[in-house]
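Working through the structure, step by step
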Number of protein chains: 2
Amino acid sequence: MSKAERLIEMMITINAKKDFTAGELADEFSVSKRTILRDLQELEQAGFPIYSEVGAAGGYHILKERILPPVAFSESEAKAIFFACQALQFYRDLPFEQETISVLKKFLNCLPLDVQNSITQIQNKIVFWIPDRHCDSPLLKSMFHIAINCHAATIRYSSTYSERTRTIIPVGLYAMNGLWYCPAYCTTAHQIRVFRVDRIKEIIEEKPCPKGNYPIPASIREYLEKTGPKNDCRIKIQLTDTGVKRCESESFLAGGLKTFSTGGGIIDMEINHASLEWVADYILPFGNNATVLEPAELTELMRQKIYELHQHYCK
Amino acid sequence: MSKAERLIEMMITINAKKDFTAGELADEFSVSKRTILRDLQELEQAGFPIYSEVGAAGGYHILKERILPPVAFSESEAKAIFFACQALQFYRDLPFEQETISVLKKFLNCLPLDVQNSITQIQNKIVFWIPDRHCDSPLLKSMFHIAINCHAATIRYSSTYSERTRTIIPVGLYAMNGLWYCPAYCTTAHQIRVFRVDRIKEIIEEKPCPKGNYPIPASIREYLEKTGPKNDCRIKIQLTDTGVKRCESESFLAGGLKTFSTGGGIIDMEINHASLEWVADYILPFGNNATVLEPAELTELMRQKIYELHQHYCK
DNA sequence: TAGAATAATGACAGAAGTTGTCACTATTCG
DNA sequence: CGAATAGTGACAACTTCTGTCATTATTCTA
C-alpha cells in the first residue's frame, strides 16, 4: 500500500473511529508507530481537524467537523448536485443552516470553465419554483430537533378558526408547495393531526415523549404514502371534458378520476368524511362542468354554499 | 511538487484541456515526458477515462465523461447534499437522467456509519413532498434541450379547451408543485404564454429560433420574478378573519393582502385582467368571508357563476 | 509515588519509490 | 521518407519513506 493510499484510508478510518491512538493505527495499517505519527502530522498540516492528548488515557480525537475523504464526481453527477441544491434555493426556511448549502458553491469553482458555463446556462433555463409564501416559519429548526429526537412539545397553535395550546408528538416534517407541515399525534385530540409550522406561534415546552402506545408511523414518508385518515365516505362526481382537465391538476381527486373515451369522466373514490367540505369548495367553481351524483350530503353542502353566495352577492 | 500533488493537478489540467499530448504536459509540469507517460498510465489504471492515438496528429483525449478532481466535503456539507437530492426524489420526471441522482448514493457508502444512520434518521423525519400527479411528461427532456439550445419548436398542445399546433420559443422550464411548466413566446399568439409540459402531446419539429426581436427574458428566473403579464386591473376584496387565513395560503393573492388590527383584512392589488376569472373561482368558495369591492366586473362575474350554479344544483 | 500508557521529536540507515536519460519499436500524417 | 506521436524497457541517480532507537514530557492509575 502506497503512502497516498494509506493517507486516504487513514482519513476514512479516523472519521469512523473519532477517537484512536497512534499505536492502534500502526497495527491496523501494519506500519510502525513512527510512520503513523508522521502521517498524522501531515494530515494535520493539510487541515485535517484532529487534536491529541498526551498521557495514559490520551489519544487522538476529531476536532469540530469531520472532513470526509475526497470523492471524485463525474461531470454529470456534479451537475446533478447543483440541480438538487437549486431545488432548495427558493425555500424561505429550511430545517438546517442555509449556509451549508451555499458553501457547496465552492464546488462550482473546482469545475472546468466550460462546465461552469454550462451549469450557469442551465440555471438560466430551469428553476424549481416555489411560490413565495410571505410567511416565515421561525420555529422550523426547533420543530426539526423535536421531531428528530422523538420528543413531545407543548405549542401555541393558531388555526384557521382559533388559537389553542396543545401537546403534540411530531411524526416528522414535510414541505409542500413552499409551506412546512408537521403531522403529529395530538394528545389533546388523541389522533394524528397536521399542523402548519408557520402557524405554530410558540413552543411552550419540549419534553421527552410521554410513555404510552401512540399510533404514530415510523417515518414521515410512511405517513404520507400509506396512512392518513380513514376513508369512510364515497363520492361520485360526473365531469365534462373541461371538468376533467381541471381535475387533473389536483392530485388528490385525480387519484379517483376515470375518463371516458366518449368524453368527460367521473370521480369515484372513497374519501374521509372530513374532506367533504374541501371537495365542495374545490368543485364549486367548476360550475356545470361538475355534477355531484353521490352522496346526497355533498349535494346539500353545495346547495347551502350556493344559497349563502346568493344571499351575499345577489341580495 | 510531490507526485500526488502533480496527479491531482494533472486531472484538473486534463479535464480542462480535453485534448493534449504527453510532451505538452511534460513542459507544463516541468518533468520529463517519461514521467508523464508513467503518470498517465497510473491515472488510466485508476479508472480515469482517457484514450490515446499514436501518430503525427495523435495525442490523448478524454473518453466519455470527465471525472472531476476529488473534493473533500465536511460532514454537514455531505448531509446537505443528501437533503438537496431528496428534494428531487418525488419528481416523476426530471430534465436529466434520474440515475445520475441515484448514483450519488455511492457517496452515502463513503460516510462513517453513524453519519449514515443520522442521515437515514433525518430522511425518516423530513420529506420534500410533491403530490403525485398521475401524469407523465415524456417530452420533458426534449423540451429541456430545446430550451437550452434556444431553439424553436412546433408542438401539438392540448389545452383545457382545445388541441392546437403552435410554434413556440421557450424561455425555459420551471417545476411547481409537481408539474413542469414552459413559458414560451408563442409565434401564433405573438406573446409569452405558459405551457404545461405534460400537455405537450408531440414535438412536430425543432428548428433554430427564427430571426426577429422577441420580448423573451434572458432567464427563467427573471421571467418568474420580474416579468409576467401586465397588470391592468385593480381588485379590492374585503375579507373576514377566516377569509384572511384562507388567503394566506395562496401566494399570489397573499402578495396584496393587508390585515387590520381590528380583525379581517383586504386584498388590494393590480392584477392582469385575464386573471379575473381565476380570482372569481378562487374566492367563490369563501362564501361570505369575502366581499368584492372592485371592480364591478368581478362582482358581475361572481353573480354569473352563482347563477349558473343555482341553475345547475337548485333547478 | 512509581509505573504504564500516551504524544512528540530527532537522528540515521536502509528500503522503497520516483525521475531522467537513453535506446528502441510502432503508428500516423503529409 | 521524415516528423510527430505513443509506448516500453533498463538503469543509475535522486528523493522520499520507513523502521529503529533514544529521549522528553504528560497523564492516569494502582
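Inspection of the entire model under this criterion finds 4 cavities of 30 Å³ or more. Its boundaries defined by the atoms lining it, the largest cavity holds a volume of some 160 Å³. Forming the walls of the largest cavity are 18 residues, and the residues nearest its centre are Tyr91(A), Ile130(A), Tyr91(B), Ile130(B) and Asn177(B). Partitioning the lining of the largest cavity into residue classes produces 14 nonpolar, 4 polar and no charged.

Its place among the elements puts Ser137(A) in the loop between strand S4 (126-128) and helix H8 (140-148). Residues in contact with Ser137(A), not counting those within four places in the same chain, are Asp93(A), Val197(A) and Asp198(A).

The next thing to look at is the interface of chain B and chain A. Contacts between the two partners involve 106 residues from chain B and, on the opposite side, 106 residues from chain A. Surface buried jointly by chain B and chain A totals about 9500 Å² across both partners, of which 64% is contributed by carbon and sulfur atoms. When the area that chain B buries against chain A is broken down by residue, the three leading residues are Lys125(B), Trp129(B) and Tyr313(B), summing to 9%. A salt bridge links Asp114(B) to Lys18(A); the shortest N-O distance between them is 3.3 Å. By residue number, the principal contributor to the side of chain B that touches chain A is helix H4 (residues 75-88) of chain B, which donates 11 residues. Split by residue class, the side of chain B that touches chain A holds 60 nonpolar, 25 polar and 21 charged. Across 3 bridges, the pairing between strand S7 (residues 173-176) of chain A and strand S4 (residues 126-128) of chain B is parallel. For Ala175(A), the partnering residue across the bridge sits in S4(B) and is Phe128(B).

With that settled, the discussion passes to unusual backbone geometry. Glu294(A) connects to Pro295(A) through a cis peptide bond whose omega is -10°. Within the element layout of this structure, Pro295(A) appears in the loop between strand S14 (290-294) and helix H13 (296-314). The phi dihedral of Ser30(A) falls on the positive side, at around 50°, and the residue is not glycine. Looking at the secondary structure, you find Ser30(A) in the loop between helix H2 (22-29) and helix H3 (33-45). Exposure remark for Ser30(A): the relative accessible area of 66% places this residue in the exposed category. A positive phi angle, near 75°, is found at Lys18(B), a position not held by glycine.

About the cut-offs
- Residues numbered from 1 in each chain as written.
- Chains lettered and ligands numbered in written order.
- Predicted model: local features only at pLDDT ≥ 70, side-chain atom pairs only at ≥ 80, totals over all residues.
- Heavy atoms only, no water.
- 1 Å grid on protein atoms, 1.4 Å probe; cavity = no way out; pocket = protein on both sides within 12 Å on 5 of 7 lines; lining within 4 Å.
- Points joined across faces, edges and corners; volume = space filled by probe spheres on them.
- Nonpolar A, V, L, I, M, F, W, Y, C, P; charged D, E, K, R; others polar.
- Helix = DSSP H or I, 4+ residues; strand = E, 2+ residues; numbered from the N terminus.
- Contact = heavy atoms within 4.5 Å.
- Buried area = accessible area lost by both parts, 1.4 Å probe.
- Salt bridge = Lys/Arg side-chain N within 4 Å of Asp/Glu carboxyl O.
- Pairing = 2+ DSSP bridges.
- Buried < 20%, exposed > 50% of the residue type's maximum accessible area, 1.4 Å probe, protein only.

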